[in-house]
Amino acid sequence: MVEMNLFRKPLFHLDPENSRASRLSIAGGALKLLSLLMLAAAVLGTLALLAAVIQLTVSAGFAMALHLLLDELEELPALLFLLWVFFAACWFAAGVLHAKSGLLSQAGRPKEPAARPVSPPAPRDGSL
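Not measured: the values here are computed from a predicted model. Sequence order as written defines the numbering, with residues in each chain counted from 1. Local features in this predicted model are restricted to residues of pLDDT 70 or higher, and side-chain atom pairs are both shown and tallied only at a pLDDT of 80 or more, whereas totals for entire chains, interfaces and linings draw on every residue. With hydrogens and water stripped out, all remaining heavy atoms of the structure feed into the side-chain values.

Caption draft 1: Region of the structure containing the packing of aromatic side chains. For Phe, Tyr and Trp, rings pair up if their centres lie within 6.5 Å, where Trp contributes its six-membered ring, and each pair is then called stacked (planes under 30 degrees apart), edge-to-face (over 60) or tilted (otherwise). In the structure shown here, the tally under the stated rule is two aromatic pairs. An angle of 85° between the planes, with centres 6.2 Å apart, marks the rings of Trp84 and Phe87 as edge-to-face. Placement of both Trp84 and Phe87 in helix H3 (residues 75–107) is noted, with a separation of three residues, approximately one turn of the helix. Classification of residues uses two cut-offs on accessible area relative to the type maximum, computed with a 1.4 Å probe and protein chains only: under 20% is buried, over 50% is exposed, and between them is partly exposed. Take Trp84: its relative accessible area is 34%, and that puts it in the partly exposed class. With a centroid separation of 5.9 Å and 45° between ring planes, the pair formed by Phe87 and Trp91 is classed as tilted. Placement of both Phe87 and Trp91 in helix H3 is noted, with a separation of four residues, approximately one turn of the helix. We classify Phe87 as buried; its relative accessible area is 16%. Through a chain of ring-to-ring contacts, the aromatic side chains of Trp84, Phe87 and Trp91 assemble into a single cluster. For a ring to carry a charge above it, either NZ of a lysine or CZ of an arginine must fall within 6 Å of the ring centroid while also lying within 35 degrees of the normal to the ring plane. Note that Lys32 overlies the ring of Trp91, its terminal NZ or CZ placed 5.6 Å from the centroid. Secondary structure elements are defined from DSSP: runs of H or I of at least 4 residues count as helices, runs of E of at least 2 residues count as strands, and each element is numbered from the N terminus.

Caption draft 2: The side chain of Ser105, seen in detail. Along the polypeptide, Ser105 turns up in helix H3. Take Ser105: its relative accessible area is 4%, and that puts it in the buried class. Contact definition: two residues touch when any of their heavy atoms are within 4.5 Å. Discounting chain neighbours no more than four positions away, the residues touching Ser105 are His13, Asp15, Asn18 and Ala21.

Structure, rendered in structure tokens:
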């Protein structure tokens, strides 16, 4: 099994015995990377919006900053909200694909037989 790690958990794993599990794992890894890119964009956009709102609040007052935010910048908060929603959806879908891949990988492997109880060895002198 080949794995590529991103932070602590593997980004994807390849199962040579089950190609469908490998494809699902790779798709989950791609979605996880996409969600990380969306997270970066959402965090940077949110910080930029907060900096603009703080600057407007300091220079023009709270009421004027709120008016400008809701009237002039009406698309930006909606875009940032959608980025956060898409980040959460991609992260969840990546988790589902990884779980499904793990289940498919385990389903193809034979289960280990249950351990049998070990009886004590018989005495060698012929007495029972």
